[in-house]
Amino acid sequence: MKVEQVKFTFEGDLLAASFLEFAQHRAQRLSLQLIMQEQSDTCAKMVVTGQPALVDAFEMAMSLGPQDCVVYNISRDEMQVKKGMSL
């Protein structure tokens, strides 16, 4: 099974607590590993690891975000997966 690791930066009107809860819930539902790196009400940076199609689904879900957040921009940086890493 192929594993992908991506660092996402989401920018917009992000209520920090709401956006974090939404990200954690979506990652769990998609069986992804999520590591939050930075978060404020305007920016959230996180690393997501999992199957490529599910990482893409996470990005799509986060672009729609929770009702009380608006995402204006998403940056996606592919990261090198450590050899032998699996979920």
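Note that the structure is a prediction, hence the values are computed from the model and not measured. (Residues numbered from 1 in each chain as written. Predicted model: local features only at pLDDT ≥ 70, side-chain atom pairs only at ≥ 80, totals over all residues. Heavy atoms only, no water.)

Student: For this particular structure, what's the right way to read the overall build of the chain?
Tutor: If you tally the helices and strands in the chain, you get two helices and four strands. Overall, the chain is about 40 × 20 × 15 Å in size when its C-alpha atoms are taken along their principal axes. Considering the chain as a whole, with its 87 residues, one finds that 34% of them fall into the buried category. In the structure as shown, the chain presents an accessible area of about 5200 Å², 49% of it carried by carbon and sulfur atoms. Within the chain, one finds 8 positive and 11 negative side-chain charges whose respective centroids are separated by 11 Å. (Helix = DSSP H or I, 4+ residues; strand = E, 2+ residues; numbered from the N terminus. Buried < 20%, exposed > 50% of the residue type's maximum accessible area, 1.4 Å probe, protein only. Areas by Shrake-Rupley, 256 points an atom, 1.4 Å probe, with all protein chains shown as cover. Lys, Arg positive; Asp, Glu negative; His and termini not counted. Charge placed at Lys NZ, Arg CZ, Asp CG, Glu CD.)

Student: Help me understand helix 1 (residues 16-29) in this model?
Tutor: One full turn of an α-helix is made of 3.6 residues, so residues set three or four places apart face in the same direction. Between the first and last C-alpha of helix 1 there are 20 Å, a value that for 14 residues agrees with the 20 Å anticipated at 1.5 Å per step. Inspection of helix 1 places F19, F22, A23 and A27 among the buried residues, and these make up the whole buried set. One side of helix 1 carries all its buried residues, which in axial view fall inside an arc of 130°. Exposed and oriented more than 90 degrees from the buried face of helix 1 are A17, E21, Q28 and R29. Where helix 1 is buried, its residues touch strand 1 (4-13), strand 2 (33-39), strand 3 (43-50), helix 2 (52-64) and strand 4 (70-79). Residue S31 follows helix 1 closely and has a positive phi angle near 55°. (Expected span 1.5 Å × (residues − 1). Arc of directions from axis to C-beta. Contact = heavy atoms within 4.5 Å.)

Student: What is the right way to look at the sheet that holds strand 3 in this model?
Tutor: For sheets, the rule is that strands pair by backbone hydrogen bonds, running either parallel or antiparallel. Read from one edge of the open sheet, four strands run 2-3-1-4, paired in antiparallel fashion. The outermost strands of the open sheet, each flanked by one partner alone, are strand 2 and strand 4. Shown here is a sheet whose adjacent strand axes are inclined to one another by a mean of 20°, direction ignored. Of the pairings in the sheet, the one linking strand 1 to strand 4 comprises nine bridges and is antiparallel in character. Counted as the bridge partner of V6 is E78 from strand 4. Its contacts with the sheet put helix 1 on strand 1, strand 2, strand 3 and strand 4, and the angle it makes with strand 2 is roughly 165°. Relative to the sheet, helix 2 contacts strand 1, strand 2, strand 3 and strand 4, its axis offset from that of strand 1 by approximately 5°. (Pairing = 2+ DSSP bridges. Axes fitted to C-alpha atoms, helices over the stretch in contact; angles between N-to-C directions.)

Just distances and angles here, no functional claims.
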